[in-house]
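# Secondary and tertiary structure notes
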Amino acid sequence: MTDTTPTLDEAGALAPLVPAAEAAKRVEAGALLVDVRSAAGRAGAGEIPGATVVDKAAIDTAFDLGAGTHLPAVTSLDTPIVVICGSVLGSGPSAAALLAKGFHDVVHVEGGFPAWKAAGLPAEEPVTPQES
């Protein structure tokens, strides 16, 4: 079995990378922020308020405009989309899949969620288990 995880350079080549601050400006201007981190990743690192959570494996159905399963916020192939993950190795393939589906305005966040948080952008603290 071969490893199909892209390298950092390959992930950057899959779809346009933008710094976290530019990603936030895009979201503020109306772009859909799509968080493709796992539930464990979000619980361990923190959530982004207002982000739409989509499992990487569900990208096709969540963004299939011809099906009743697509996200309500996705109204056309012109919907601006910002994809974020724990790193560009996760967001790159998801952003590339959206571009391959025909979406025109798709970027992913350089440095992923750690860069988002380091830029002081909205992020909730990680969920920590309550001690009994």
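Note that this is a predicted model, so its numbers are computed, not measured.

Next up on the list: the overall build of the protein. A tally of helices and strands in the protein yields six helices and five strands. Ordered by position from N to C terminus, the α and β elements of the protein give α-β-α-β-α-β-α-β-α-β-α. Expressed as a percentage of the 132 residues in the protein, the buried residues total 36%. Of the contacts formed within the protein by residues at least 6 apart in sequence, a portion of 67% connects residues at least 24 apart. Carbon and sulfur atoms make up 56% of the accessible area of the protein, which totals about 7,100 Å².

Here we take up the pattern of salt bridges. This model, assessed by the stated rule, comprises six salt bridges. In this structure, Arg26 engages Asp105 in a salt bridge whose closest nitrogen and oxygen atoms are separated by 3.0 Å. Taken together, the residues Arg26 in helix H2 (residues 20-28) and Asp105 in the loop between helix H5 (88-100) and strand E5 (106-109) connect sequence positions 79 residues apart. Judged by its relative accessible area of 26%, Arg26 falls in the partly exposed class. A residue is classified by how much of its surface remains accessible, and Asp105, at 30% relative accessible area, is partly exposed. One salt bridge connects Lys117 with Glu125, and the closest N-O pair in it is separated by 3.8 Å. Residue Glu125 is classed as exposed on the basis of its relative accessible area of 59%. Through salt bridges with shared partners, a single network forms among Glu22, Arg26 and Asp105.

Along the chain, the position of His104 falls in the loop between H5 and E5. A relative accessible area of 55% means that His104 is categorised as exposed. Spatially, the C-alpha atoms of His104 and Asp78 are 5.7 Å apart, while their sequence positions differ by 26 residues.

The next point concerns the pairing of strand E4 (residues 81-84). Here E4 shows no split at all, with Ile81 and Val83 on one side and Val82 and Ile84 on the other all buried. In terms of strand pairing, strand E2 (residues 32-35) meets E4 through four bridges, oriented parallel. Its bridge partner being in E4, Val34 is matched across the sheet by Val83. One ladder, built from three bridges, connects E4 with E5; its direction is parallel. Directly across from Val82, in E5, lies its bridge partner Val107. Regarding topology, H5 serves as the crossover connection from E4 to the parallel E5, and that connection is right-handed.

Analysis parameters
- Residues numbered from 1 in each chain as written.
- Predicted model: local features only at pLDDT ≥ 70, side-chain atom pairs only at ≥ 80, totals over all residues.
- Heavy atoms only, no water.
- Helix = DSSP H or I, 4+ residues; strand = E, 2+ residues; numbered from the N terminus.
- Buried < 20%, exposed > 50% of the residue type's maximum accessible area, 1.4 Å probe, protein only.
- Contact = heavy atoms within 4.5 Å.
- Areas by Shrake-Rupley, 256 points an atom, 1.4 Å probe, with all protein chains shown as cover.
- Salt bridge = Lys/Arg side-chain N within 4 Å of Asp/Glu carboxyl O.
- Pairing = 2+ DSSP bridges.
- Right-handed = clockwise from strand over helix to strand, strands pointing away.

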